[in-house]
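Now for the letters of each chain:
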Amino acid sequence: MSNDLCLEQFATLESYSEEEHFCRQLRQCKSCGQLYFYEFYETIGPDGNDPQYSTYVPIESQEDIEALKKTDHWGLLEFFPRLLTPKNPRSAGRDSIRYAPRTSR
Ligand SMILES: [Zn+2]
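In what follows, the accompanying structure is described. What you see is a predicted model; the values in this text were computed from it and never measured. Sequence order as written defines residue numbering, which begins from 1 separately in each chain. Note on the predicted model: pLDDT of at least 70 is required for a residue's local features to be given, and 80 or more for side-chain atom pairs to be given and counted; whole-chain, interface and lining totals, by contrast, use all residues. Each side-chain value is worked out from all heavy atoms of the structure, with water and hydrogens disregarded.

Across the 8 residues of strand β2 (residues 22-29), 7 count as buried, placing the element largely inside the fold. Across 7 bridges, the pairing between strand β1 (residues 10-18) and β2 is antiparallel. In the sheet register, Glu14 faces β2, and the bridge partner there is Leu26. For two strands to pair, DSSP has to find at least two bridges joining them. Starting at the N terminus, helices and strands are each numbered in turn, a helix being any DSSP run of H or I of at least four residues and a strand any DSSP run of E of at least two. Connecting β1 to the antiparallel partner β2 that follows it, the hairpin turn spans 3 residues. Taken together, the 7 bridges between β2 and strand β3 (residues 35-42) define a ladder with antiparallel strand orientation. Within β3, the residue paired with Gln28 across the bridge is Leu35. Accessibility here uses a 1.4 Å probe with only protein chains present; expressed as a share of the type maximum, an area under 20% marks a residue as buried, one over 50% as exposed, and anything in between as partly exposed.

Here it is in C-alpha coordinates:
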(Lines give C-alpha, C1' and ligand atoms only; values in the text may rest on other atoms or scores of the structure.)
Protein backbone atom coordinates (compact mmCIF):
# COMPACT_ATOMS: atom_id res chain seq x y z
CA MET A 1 0.00 0.00 0.00
CA SER A 2 2.97 2.32 0.20
CA ASN A 3 3.59 2.42 -3.51
CA ASP A 4 1.25 3.74 -6.19
CA LEU A 5 2.94 1.50 -8.73
CA CYS A 6 1.24 -1.38 -7.03
CA LEU A 7 -1.91 -0.40 -8.89
CA GLU A 8 -0.38 -1.37 -12.22
CA GLN A 9 -0.60 -5.09 -11.70
CA PHE A 10 -3.77 -6.74 -10.52
CA ALA A 11 -5.36 -10.10 -10.66
CA THR A 12 -9.13 -10.14 -10.64
CA LEU A 13 -10.27 -12.80 -8.20
CA GLU A 14 -14.02 -12.25 -8.26
CA SER A 15 -16.63 -10.09 -9.98
CA TYR A 16 -19.58 -8.83 -7.98
CA SER A 17 -21.14 -6.54 -10.52
CA GLU A 18 -20.54 -6.20 -14.25
CA GLU A 19 -22.48 -3.42 -15.88
CA GLU A 20 -21.64 -1.01 -18.63
CA HIS A 21 -21.05 1.94 -16.32
CA PHE A 22 -20.61 0.21 -13.00
CA CYS A 23 -18.28 -2.62 -12.13
CA ARG A 24 -17.12 -4.13 -8.87
CA GLN A 25 -14.42 -6.71 -8.39
CA LEU A 26 -12.19 -8.30 -5.82
CA ARG A 27 -8.65 -7.65 -6.95
CA GLN A 28 -5.28 -8.68 -5.65
CA CYS A 29 -1.97 -6.88 -6.08
CA LYS A 30 0.42 -9.17 -7.88
CA SER A 31 3.49 -7.75 -6.19
CA CYS A 32 2.49 -7.60 -2.52
CA GLY A 33 -0.68 -9.73 -2.37
CA GLN A 34 -2.83 -6.96 -0.89
CA LEU A 35 -6.53 -7.48 -1.58
CA TYR A 36 -8.60 -4.59 -2.84
CA PHE A 37 -12.28 -4.00 -3.38
CA TYR A 38 -12.32 -2.35 -6.80
CA GLU A 39 -15.12 -0.24 -8.22
CA PHE A 40 -15.39 1.33 -11.64
CA TYR A 41 -18.03 4.00 -11.89
CA GLU A 42 -18.84 6.15 -14.88
CA THR A 43 -21.19 9.10 -14.83
CA ILE A 44 -22.99 10.06 -17.99
CA GLY A 45 -22.10 13.55 -19.14
CA PRO A 46 -24.31 15.59 -21.46
CA ASP A 47 -21.63 15.84 -24.17
CA GLY A 48 -20.26 12.33 -24.12
CA ASN A 49 -17.27 13.21 -21.98
CA ASP A 50 -18.14 10.87 -19.20
CA PRO A 51 -16.03 11.18 -16.08
CA GLN A 52 -14.83 7.80 -14.91
CA TYR A 53 -13.80 6.85 -11.42
CA SER A 54 -11.86 3.85 -10.24
CA THR A 55 -11.77 3.28 -6.51
CA TYR A 56 -9.66 0.79 -4.61
CA VAL A 57 -10.39 0.00 -0.98
CA PRO A 58 -7.77 -2.18 0.72
CA ILE A 59 -9.32 -5.22 2.36
CA GLU A 60 -8.24 -6.81 5.61
CA SER A 61 -10.89 -9.47 6.15
CA GLN A 62 -13.91 -11.27 4.72
CA GLU A 63 -16.08 -8.95 6.85
CA ASP A 64 -14.67 -6.00 4.93
CA ILE A 65 -15.75 -7.58 1.66
CA GLU A 66 -19.28 -8.23 2.91
CA ALA A 67 -19.60 -4.67 4.22
CA LEU A 68 -18.34 -3.19 0.95
CA LYS A 69 -20.65 -5.32 -1.18
CA LYS A 70 -23.63 -3.81 0.63
CA THR A 71 -22.72 -0.24 -0.28
CA ASP A 72 -23.61 1.70 -3.39
CA HIS A 73 -21.15 4.06 -5.11
CA TRP A 74 -21.68 6.82 -2.56
CA GLY A 75 -21.60 4.45 0.38
CA LEU A 76 -18.23 3.24 -0.81
CA LEU A 77 -16.90 6.76 -0.39
CA GLU A 78 -17.47 6.40 3.36
CA PHE A 79 -14.68 3.87 3.54
CA PHE A 80 -11.19 4.91 4.52
CA PRO A 81 -8.51 4.48 3.51
CA ARG A 82 -9.15 4.19 -0.20
CA LEU A 83 -7.43 5.01 -3.45
CA LEU A 84 -9.07 7.00 -6.20
CA THR A 85 -8.09 7.20 -9.83
CA PRO A 86 -10.35 9.80 -11.46
CA LYS A 87 -10.34 9.82 -15.24
CA ASN A 88 -11.64 12.69 -17.26
CA PRO A 89 -10.86 12.66 -20.99
CA ARG A 90 -10.82 16.44 -21.08
CA SER A 91 -8.23 17.00 -18.38
CA ALA A 92 -5.27 14.93 -19.39
CA GLY A 93 -2.56 15.04 -16.80
CA ARG A 94 -4.97 15.05 -13.91
CA ASP A 95 -5.26 11.33 -14.26
CA SER A 96 -3.41 10.71 -11.05
CA ILE A 97 -4.06 8.44 -8.15
CA ARG A 98 -5.23 10.12 -4.99
CA TYR A 99 -5.02 8.56 -1.58
CA ALA A 100 -7.84 9.27 0.83
CA PRO A 101 -6.55 8.41 4.29
CA ARG A 102 -8.73 7.79 7.30
CA THR A 103 -7.75 11.18 8.71
CA SER A 104 -9.24 13.14 5.82
CA ARG A 105 -12.67 13.47 7.43
ZN1 LIG B 1 0.94 -4.04 -3.83
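Once the structure has been displayed, the description carries forward.
By salt bridge we mean one thing: a side-chain nitrogen of Lys or Arg within 4 Å of a carboxyl oxygen of Asp or Glu. Scanning the entire structure with this criterion turns up 2 salt bridges. A salt bridge links Glu39 to Arg24, with the nearest nitrogen and oxygen atoms 2.8 Å apart. Within this pair, whereas Glu39 is found in strand β3, its partner Arg24 is found in strand β2, the two being separated by 15 residues in sequence. Each member of the pair, Glu39 together with Arg24, is buried. For Glu66, the salt bridge goes to Lys69, with nearest N and O atoms at 3.9 Å. On the criterion of helical spacing, the pair formed by Glu66 and Lys69 is a turn pair, its members being 3 residues apart in helix α1 (residues 62-69). Looking at Glu66, the relative accessible area reads 33%, which means it is partly exposed.

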